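Summary of the model geometry
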Amino acid sequence: MPEDVIDASELDPEFKFEIARQPGGENIKLCFQCGTCSGTCPVRAINDRYNPRRIIRMALLGMRKEVLCSDFIWLCSTCYACHERCPQNVRIPELMMAIRNIAIKEGNVHPLYKSYVEMLDKHGRLLEVGEFENEKRRKLGLPEVATDVERVRKVFDATRIREKVEGKLAERVCTTGEGSK
Ligand code: SF4
Ligand code: SF4
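What counts, and at which threshold
- Residues numbered from 1 in each chain as written.
- Chains lettered and ligands numbered in written order.
- Predicted model: local features only at pLDDT ≥ 70, side-chain atom pairs only at ≥ 80, totals over all residues.
- Heavy atoms only, no water.
- Helix = DSSP H or I, 4+ residues; strand = E, 2+ residues; numbered from the N terminus.
- Buried < 20%, exposed > 50% of the residue type's maximum accessible area, 1.4 Å probe, protein only.
- Near = heavy atom within 4 Å.
- Nonpolar A, V, L, I, M, F, W, Y, C, P; charged D, E, K, R; others polar.
- Polar contact = N/O pair within 3.5 Å; in protein donor to acceptor, adjacent residues only side chain to side chain.
- Phe/Tyr/Trp six-rings, centres within 6.5 Å; stacked < 30°, edge-to-face > 60°.
- Axes fitted to C-alpha atoms, helices over the stretch in contact; angles between N-to-C directions.
- Parallel < 35°, antiparallel > 145°, perpendicular 65-115°, else oblique.
- Left-handed = near helix turned anticlockwise from the far one by under 90°.
- Contact = heavy atoms within 4.5 Å.
- 1 Å grid on protein atoms, 1.4 Å probe; cavity = no way out; pocket = protein on both sides within 12 Å on 5 of 7 lines; lining within 4 Å.
- Points joined across faces, edges and corners; volume = space filled by probe spheres on them.

1. Brief notes about the overall build of the protein chain
- Scanning the protein chain from N- to C-terminus turns up 12 helices and 0 strands.
- Listing every helix and strand of the protein chain by position from the N terminus yields α-α-α-α-α-α-α-α-α-α-α-α.
- Seen along its three principal axes, the alpha-carbon backbone of the protein chain occupies a region of about 55 × 40 × 30 Å.
- Each of the 181 residues in the protein chain was classed as buried or not, and the buried ones make up 37%.

Below, the structure is given as C-alpha coordinates:
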(Lines give C-alpha, C1' and ligand atoms only; values in the text may rest on other atoms or scores of the structure.)
(Ligands and ions follow the chains in the order given, each with its own letter.)
Protein backbone atom coordinates (compact mmCIF):
# COMPACT_ATOMS: atom_id res chain seq x y z
CA MET A 1 0.00 0.00 0.00
CA PRO A 2 1.39 3.51 -0.86
CA GLU A 3 2.80 5.40 2.15
CA ASP A 4 0.25 8.24 1.91
CA VAL A 5 -2.82 5.96 1.92
CA ILE A 6 -4.52 5.43 5.29
CA ASP A 7 -5.24 1.80 6.13
CA ALA A 8 -8.58 2.00 7.98
CA SER A 9 -7.98 -1.38 9.63
CA GLU A 10 -4.99 0.13 11.50
CA LEU A 11 -6.89 3.12 12.90
CA ASP A 12 -7.52 3.25 16.65
CA PRO A 13 -10.91 4.94 17.25
CA GLU A 14 -10.19 5.06 20.99
CA PHE A 15 -7.11 7.23 20.55
CA LYS A 16 -8.96 10.57 20.76
CA PHE A 17 -10.66 9.47 23.98
CA GLU A 18 -7.31 8.35 25.40
CA ILE A 19 -5.87 11.81 24.64
CA ALA A 20 -8.97 13.53 26.05
CA ARG A 21 -8.44 11.73 29.37
CA GLN A 22 -4.95 13.23 29.72
CA PRO A 23 -4.53 16.60 31.49
CA GLY A 24 -4.34 19.14 28.66
CA GLY A 25 -5.93 16.89 26.07
CA GLU A 26 -9.55 17.40 27.16
CA ASN A 27 -10.60 19.68 24.26
CA ILE A 28 -9.21 17.73 21.30
CA LYS A 29 -12.67 16.79 20.02
CA LEU A 30 -13.66 20.49 19.77
CA CYS A 31 -11.27 21.03 16.84
CA PHE A 32 -13.17 21.76 13.63
CA GLN A 33 -10.04 21.90 11.45
CA CYS A 34 -10.11 25.60 10.60
CA GLY A 35 -6.30 25.64 10.25
CA THR A 36 -5.80 28.88 12.20
CA CYS A 37 -3.21 27.17 14.42
CA SER A 38 -1.14 26.07 11.43
CA GLY A 39 -1.27 29.57 9.94
CA THR A 40 0.04 30.94 13.24
CA CYS A 41 2.67 28.35 14.17
CA PRO A 42 6.31 29.60 14.02
CA VAL A 43 7.60 26.02 13.79
CA ARG A 44 5.49 25.50 10.69
CA ALA A 45 6.77 28.79 9.24
CA ILE A 46 10.28 27.27 9.34
CA ASN A 47 9.38 23.73 8.33
CA ASP A 48 6.05 23.06 6.63
CA ARG A 49 6.27 19.33 7.44
CA TYR A 50 5.09 20.37 10.91
CA ASN A 51 1.44 21.23 11.08
CA PRO A 52 -0.66 21.28 14.28
CA ARG A 53 -3.99 21.07 12.44
CA ARG A 54 -2.79 17.99 10.58
CA ILE A 55 -1.55 16.21 13.66
CA ILE A 56 -4.86 16.88 15.45
CA ARG A 57 -6.68 15.48 12.43
CA MET A 58 -4.47 12.39 12.51
CA ALA A 59 -5.19 11.96 16.23
CA LEU A 60 -8.95 12.34 15.68
CA LEU A 61 -8.81 9.77 12.89
CA GLY A 62 -7.07 7.31 15.20
CA MET A 63 -3.60 7.29 13.61
CA ARG A 64 -2.08 6.38 16.96
CA LYS A 65 1.33 5.07 15.94
CA GLU A 66 1.96 7.83 13.40
CA VAL A 67 1.08 10.55 15.91
CA LEU A 68 3.08 9.07 18.78
CA CYS A 69 6.11 8.70 16.50
CA SER A 70 5.77 12.15 14.95
CA ASP A 71 8.56 14.72 15.33
CA PHE A 72 6.01 17.48 15.63
CA ILE A 73 4.79 16.64 19.11
CA TRP A 74 8.36 17.25 20.31
CA LEU A 75 9.09 20.34 18.25
CA CYS A 76 6.11 22.39 19.44
CA SER A 77 7.82 25.19 21.37
CA THR A 78 4.73 25.82 23.56
CA CYS A 79 4.81 29.47 22.46
CA TYR A 80 0.99 29.63 22.79
CA ALA A 81 0.64 31.74 19.61
CA CYS A 82 -1.93 29.25 18.28
CA HIS A 83 -3.75 29.17 21.61
CA GLU A 84 -4.40 32.92 21.35
CA ARG A 85 -6.23 32.40 18.05
CA CYS A 86 -7.92 29.00 18.21
CA PRO A 87 -11.69 29.66 17.99
CA GLN A 88 -12.47 26.38 19.76
CA ASN A 89 -10.15 26.67 22.77
CA VAL A 90 -8.49 23.38 21.90
CA ARG A 91 -5.47 24.43 24.01
CA ILE A 92 -3.05 23.11 21.41
CA PRO A 93 0.28 23.42 23.30
CA GLU A 94 -1.19 21.56 26.27
CA LEU A 95 -2.69 19.01 23.89
CA MET A 96 0.79 18.43 22.44
CA MET A 97 2.11 17.87 25.96
CA ALA A 98 -0.70 15.39 26.65
CA ILE A 99 0.26 13.48 23.50
CA ARG A 100 3.94 13.58 24.52
CA ASN A 101 3.03 12.09 27.88
CA ILE A 102 1.32 9.15 26.17
CA ALA A 103 4.36 8.75 23.89
CA ILE A 104 6.73 8.68 26.88
CA LYS A 105 4.61 6.10 28.71
CA GLU A 106 4.96 3.89 25.63
CA GLY A 107 8.74 4.31 25.53
CA ASN A 108 8.76 6.79 22.66
CA VAL A 109 11.11 9.43 24.02
CA HIS A 110 12.43 11.69 21.27
CA PRO A 111 16.23 12.34 21.29
CA LEU A 112 15.43 16.05 21.73
CA TYR A 113 14.23 15.26 25.22
CA LYS A 114 17.80 14.42 26.24
CA SER A 115 18.85 17.95 25.20
CA TYR A 116 16.10 19.40 27.41
CA VAL A 117 17.37 17.40 30.38
CA GLU A 118 20.98 18.44 29.69
CA MET A 119 20.03 22.13 29.48
CA LEU A 120 18.03 21.95 32.71
CA ASP A 121 20.90 20.12 34.40
CA LYS A 122 23.38 22.76 33.25
CA HIS A 123 21.39 25.99 33.56
CA GLY A 124 18.37 25.14 35.70
CA ARG A 125 16.14 26.18 32.80
CA LEU A 126 15.77 25.44 29.11
CA LEU A 127 17.60 28.63 28.11
CA GLU A 128 20.73 30.07 29.65
CA VAL A 129 20.02 33.45 31.21
CA GLY A 130 23.25 35.39 31.77
CA GLU A 131 24.46 38.92 32.37
CA PHE A 132 23.45 40.02 28.86
CA GLU A 133 19.80 39.11 29.42
CA ASN A 134 19.76 40.46 32.99
CA GLU A 135 21.24 43.76 31.86
CA LYS A 136 18.39 44.13 29.37
CA ARG A 137 15.90 43.27 32.11
CA ARG A 138 17.40 45.89 34.44
CA LYS A 139 17.05 48.53 31.72
CA LEU A 140 13.37 47.61 31.42
CA GLY A 141 12.92 47.80 35.19
CA LEU A 142 12.46 44.04 35.48
CA PRO A 143 14.00 41.95 38.27
CA GLU A 144 17.02 39.77 37.49
CA VAL A 145 16.35 36.12 36.70
CA ALA A 146 17.83 33.98 39.45
CA THR A 147 19.04 30.52 38.48
CA ASP A 148 19.02 27.84 41.13
CA VAL A 149 20.64 24.86 39.43
CA GLU A 150 21.07 22.96 42.68
CA ARG A 151 17.32 22.71 43.29
CA VAL A 152 16.79 21.33 39.78
CA ARG A 153 19.60 18.82 40.29
CA LYS A 154 18.06 17.63 43.56
CA VAL A 155 14.82 16.87 41.68
CA PHE A 156 16.82 15.12 38.95
CA ASP A 157 18.68 13.01 41.52
CA ALA A 158 15.48 12.11 43.35
CA THR A 159 13.60 11.16 40.17
CA ARG A 160 16.63 9.64 38.37
CA ILE A 161 15.43 11.43 35.24
CA ARG A 162 18.84 11.34 33.50
CA GLU A 163 19.04 7.54 33.78
CA LYS A 164 15.37 7.13 32.84
CA VAL A 165 15.75 9.21 29.67
CA GLU A 166 18.88 7.28 28.68
CA GLY A 167 17.03 4.01 29.29
CA LYS A 168 13.94 5.08 27.32
CA LEU A 169 16.10 6.27 24.41
CA ALA A 170 17.90 2.95 24.34
CA GLU A 171 14.62 1.05 23.99
CA ARG A 172 12.96 3.63 21.76
CA VAL A 173 10.32 2.18 19.43
CA CYS A 174 10.13 5.01 16.87
CA THR A 175 12.76 6.24 14.46
CA THR A 176 13.12 10.02 14.19
CA GLY A 177 10.69 11.63 11.78
CA GLU A 178 8.42 8.64 11.35
CA GLY A 179 4.82 9.65 10.84
CA SER A 180 5.61 13.32 10.42
CA LYS A 181 5.61 13.47 6.65
S1 SF4 B 1 -7.17 26.64 15.42
FE2 SF4 B 1 -8.25 25.26 16.86
S3 SF4 B 1 -10.11 24.63 15.79
FE4 SF4 B 1 -8.71 25.49 14.26
S5 SF4 B 1 -7.56 23.70 13.45
FE6 SF4 B 1 -6.33 24.54 15.12
S7 SF4 B 1 -6.98 23.44 16.95
FE8 SF4 B 1 -8.54 23.07 15.38
S1 SF4 C 1 2.29 26.37 20.73
FE2 SF4 C 1 3.29 24.84 19.39
S3 SF4 C 1 1.75 24.39 17.81
FE4 SF4 C 1 1.14 26.30 18.80
S5 SF4 C 1 2.01 27.95 17.54
FE6 SF4 C 1 3.49 27.53 19.20
S7 SF4 C 1 4.90 26.00 18.34
FE8 SF4 C 1 3.10 26.01 17.01
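2. Notes on the site of ligand 2
- Around ligand 2, the structure places C41, P42, V43, F72, C76, S77, T78, C79, Y80, C82 and P93.
- Split into classes, the residues belonging to the shell around ligand 2 amount to 9 nonpolar, 2 polar and no charged.

3. A few points about the site of ligand 1
- Neighbouring ligand 1 are 14 residues, the closest being C31, C34, G35, C37 and C86.
- When contributions to the shell around ligand 1 are tallied by element, the ones reaching two or more residues are α2 (36-40) and α4 (52-61).
- Taken together, the residues of the shell around ligand 1 break down into 9 nonpolar, 4 polar and 1 charged.

4. Remarks on the side chain of S70
- Structurally, the position occupied by S70 is in the loop between α5 (64-68) and α6 (72-75).
- Residue classification places S70 among the buried positions, given a relative accessible area of 1%.
- A polar contact is formed between the side chain of S70 and the backbone nitrogen of F72, at a distance of 3.0 Å.

5. Description of the packing of aromatic side chains
- On inspection of all chains with the given rule, the structure shows 3 aromatic pairs.
- Look at Y113 and Y116: their rings are 6.0 Å apart centre to centre, the planes differ by 65°, and that puts the pair in the edge-to-face class. Pair noted here: Y113 and Y116 are both in helix α9 (residues 112-123), with a separation of 3 residues, about one helical turn.
- Judged by its relative accessible area of 24%, Y113 is partly exposed.
- Taken together through their ring pairs, the aromatic side chains of W74, Y113 and Y116 make up a single cluster.

6. Looking at the packing of α4 against helix α8 (residues 92-105)
- Contact geometry for α4 and α8: axes closest at 12 Å, N-to-C directions at 50°. When the interaxial angle is binned, α4 and α8 end up oblique. Both α4 and α8 take part in a crossing whose hand is left-handed. Taken together, the residues of α8 that come into contact with α4 (itself represented by P52, I55 and I56) are I92, L95 and M96.

7. Some thoughts on the layout of surface pockets
- Size it by volume and the second largest pocket reaches roughly 400 Å³.
- In terms of lining, the second largest pocket is formed by 17 residues, of which the most central are T78, R100, Y113, Y116 and L126.
- Residue assignment for the lining of the second largest pocket shows that the elements contributing at least two residues are α6, α8 and α9.
- Across the lining of the second largest pocket, the residue classes tally to 13 nonpolar, 3 polar and 1 charged.

No statement about biological role is implied by the geometric values presented.
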